[in-house]
Amino acid sequence: VMRSFDPALDMLGLQTQAERIGNVRLIIVDPVVSAVTGDSHKNTETRRALQPLVDLAANLNAALLGITHFSKGGQGSDPAQRVLGSVAFTAVARVVLVAAKVKGDDGEDRRILARGKSNIGPDDGGYTYSLEQCEPLPDIHASRVAWGAAVEGSARELLSDPNEQDSNTEDGKSAIEDAGQFLRDVLAEGPVTSKVIQQQAREAGISWRTVRRAADDL
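This structure is a prediction, so every number in the text was calculated from the model and none was measured.

(A) Just helix α2 (residues 43-60), in detail. With 18 residues, α2 ought to run about 26 Å at 1.5 Å a step, and its terminal C-alpha atoms sit 26 Å apart, in line with that. Among all positions of α2, only Asn-43, Thr-46, Ala-49, Leu-50, Leu-53, Leu-56, Ala-57 and Leu-60 are buried. Asn-61 sits one or two positions beyond α2 and adopts a positive phi of about 55 degrees.

Now the structure itself:
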């Protein structure tokens, strides 16, 4: 009987096949929510489901890349907090890169890849890029990324539309709203100690002061 791959049951088999192939150095999960068999909006379930993937990558000495998308809306808020599903997806990751097409000051669309979070290096800045058609071999047509200039600033700044009139673009207010959503996600399944919340806020790149202010608002 054929069935879909189940991360909870098949991870050992996947590791065995990867070791048989040999020298596997990159694991891509697209979309990363497919690795969660439970409710991907629940923090505890998501963390529990992602751990076998983290262990697999560690055992193989491979990089693990999970791909997901932004939730709708949220213009001007922290991009790392706008990914679909639980905040655990960004909290577990060591580096979060966000890509989007936004309007520049000149009104023209531009594509930007920016750091949304990093626990192992700088957590801001990025690059502009474009997609170009090419013909790498005769009669083989494809597209490729053409990298542009380096850009400075936070992901929130780089991926915000300068013409957006939403009041959420005010950094202070938006940061508190992001922290409020973070608290809703973390506490969705019941009480959690402040020590655990502090740790998860730190992993998500949210200051404890902002969390406290969001808690007061809630």
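(B) Region of interest: the sheet that holds strand β6 (residues 140-151). One open sheet holds the four strands; their spatial order is β3-β4-β5-β6, and the pairing between them is antiparallel. Strands with a single pairing partner mark the edges of an open sheet, and in this sheet they are β3 (95-103) and β6. Between one strand axis and the next, the sheet turns by 35 degrees as a mean value, whatever way the strands run. Here β3 runs beside strand β4 (residues 109-118); their pairing, made up of nine bridges, is antiparallel. Bridged to Ala-99 within β4 is Leu-113.

(C) A look at the pattern of salt bridges. Enumeration over the complete set of coordinates arrives at one salt bridge. The partner of Arg-144 in a salt bridge is Glu-132, and the shortest N-O contact between them spans 3.6 Å. Placement of the pair is Arg-144 in strand β6 and Glu-132 in strand β5 (residues 126-137), with a sequence separation of twelve residues. Taking relative accessible area as the criterion, Arg-144 reaches 49% and is therefore assigned partly exposed.

(D) View of the pairing of β5. Relative to β5, β4 is paired through four bridges, and the arrangement is antiparallel. Its bridge partner lying in β5, Leu-113 is registered against Tyr-127. For β5 and β6, the ladder comprises nine bridges, and the chain directions are antiparallel. The residue of β6 that forms the bridge with Tyr-129 is Trp-147. Remark: two residues form the turn of the hairpin made by β5 and β6, two consecutive strands paired antiparallel; Asp-139 in that turn has positive phi of roughly 65 degrees.

Reading the values: rules and limits
- Residues numbered from 1 in each chain as written.
- Predicted model: local features only at pLDDT ≥ 70, side-chain atom pairs only at ≥ 80, totals over all residues.
- Heavy atoms only, no water.
- Helix = DSSP H or I, 4+ residues; strand = E, 2+ residues; numbered from the N terminus.
- Expected span 1.5 Å × (residues − 1).
- Buried < 20%, exposed > 50% of the residue type's maximum accessible area, 1.4 Å probe, protein only.
- Pairing = 2+ DSSP bridges.
- Axes fitted to C-alpha atoms, helices over the stretch in contact; angles between N-to-C directions.
- Salt bridge = Lys/Arg side-chain N within 4 Å of Asp/Glu carboxyl O.

Interpretation in functional terms is not warranted from these geometric data alone.
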